[in-house]
Amino acid sequence: MIKAIAVTCIFFTFLLTGCAPSTFSEMKSSESIKKKTFIVDENYENVYRRSLNKAKECFEMGALTAAFVADGQLYSNSNEGELTVYLIGGMGKSMIHGATFKDIGNQKTEMKLYTYWSEKYIDKMKRLFTGEAINCE
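Quick summary incoming for the structure in this document. Computed from a prediction, not measured in an experiment: that's the story for all the values here. (Residues numbered from 1 in each chain as written. Predicted model: local features only at pLDDT ≥ 70, side-chain atom pairs only at ≥ 80, totals over all residues. Heavy atoms only, no water.)

1. Here's the deal with the packing of aromatic side chains
Thought 1: On inspection of all chains with the given rule, the structure shows 4 aromatic pairs.
Thought 2: Ring centres of Phe24 and Tyr114 lie 5.6 Å apart, and the angle between their planes is 85°; this geometry places the pair in the edge-to-face category. Of the two residues, Phe24 sits in helix H2 (residues 24-29) while Tyr114 sits in strand S6 (residues 108-115), which places them 90 residues apart along the sequence.
Thought 3: For Tyr114, a relative accessible area of 7% corresponds to the buried category.
Thought 4: Ring pairs connect the aromatic residues Phe68, Trp117 and Tyr121, which therefore count as one cluster.
Thought 5: Positioned above the aromatic ring of Tyr86 is the side chain of Lys93, whose terminal nitrogen or guanidinium carbon lies 4.3 Å from the ring centre. (Phe/Tyr/Trp six-rings, centres within 6.5 Å; stacked < 30°, edge-to-face > 60°. Helix = DSSP H or I, 4+ residues; strand = E, 2+ residues; numbered from the N terminus. Buried < 20%, exposed > 50% of the residue type's maximum accessible area, 1.4 Å probe, protein only. Lys NZ or Arg CZ within 6 Å of the ring centre and 35° of its normal.)

Here it is as C-alpha cells:
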C-alpha cells in the first residue's frame, strides 16, 4: 500500500512538472517558457516586496511528498530583484513561475514574468504583483 502511494506521488510530481527547468537561469533562457514584460509605475523595491508576499500567500502549499515554495532576492547594488515559485521534493527542484524586477528610473519598474504553466498564470501574476488583484482568485 505504501509503495503504491509513493509511486502515485512520484507520478503526480512528474505530471505537474514534466521537464520544468531546475534553475531560474534555465527558466529565463528557455524557449518553451511563457514570458511577458510589463512597466509598473512604482519603485522596484515596493513591487518586489508586494510580489513576494503575494507569491507566498497565493502559490505556496504543501503537496504529498513535495512543496510549492516562493522565494526571492533583492539586489540593492544593481536595483533589481527576482522571485521564483518552485516545486521541491523527491524529484528535486522544478521552476514553475518567476519574475524579475528592474529599476528603470522615474519610479518605474520593468517587471518580467515567467511561467512553465499556461499563459493565464502570467495574467494572474501581473494582477497580483501590481496590486490590481487583492485576493488570490
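2. Here we look at the state of the cysteines
Thought 1: Summed over the entire model, instances satisfying the criterion amount to 1 disulfide.
Thought 2: Each sulfur of the disulfide joining Cys58 and Cys136 lies 2.0 Å from the other. What sets the handedness of the Cys58 and Cys136 disulfide is the S-S torsion sign, and at about -80° it is left-handed. Here the residue Cys58 occupies a position in helix H3 (residues 44-59), and Cys136 occupies one in the segment after helix H4 (120-130), the gap between them amounting to 78 residues. (Disulfide = S-S within 2.5 Å.)

3. Regarding H3
Thought 1: Taking 1.5 Å of rise per residue, the 16 residues of H3 would be expected to cover 22 Å, and the 21 Å separating its terminal C-alpha atoms lies within 8% of that figure.
Thought 2: All of the buried residues along H3 are Tyr44, Val47, Tyr48, Ser51, Leu52, Lys54, Ala55, Cys58 and Phe59. (Expected span 1.5 Å × (residues − 1).)

4. Observations regarding the sheet that holds strand S1 (residues 34-40)
Thought 1: Taken in spatial order, the 6 strands make up an open sheet running S1-S6-S5-S4-S3-S2, and their pairing is antiparallel. In this open sheet, the two strands that pair with only one neighbour each are S1 and strand S2 (61-62).
Thought 2: When strand S3 (residues 66-75) meets strand S4 (residues 80-89), the two strands line up antiparallel, connected through 10 bridges. Bridged to Phe68 within S4 is Leu87.
Thought 3: Along the sheet, H3 makes contact with S1, S2, S3, S4, strand S5 (92-105) and S6, crossing S3 at roughly 175°. (Pairing = 2+ DSSP bridges. Contact = heavy atoms within 4.5 Å. Axes fitted to C-alpha atoms, helices over the stretch in contact; angles between N-to-C directions.)

5. Notes on the pairing of S3
Thought 1: Bridge analysis of S2 against S3 gives 2 bridges, and the strand direction is antiparallel. Note on S3: the bridge partner recorded for Gly62 is Ala67.
Thought 2: Turn length for the S2-S3 hairpin, with the two strands adjacent in sequence and antiparallel, is 3 residues.
Thought 3: Adjacent in sequence and paired antiparallel, S3 and S4 are bridged by 4 residues, among which Asn79 carries a positive phi angle near 55°.

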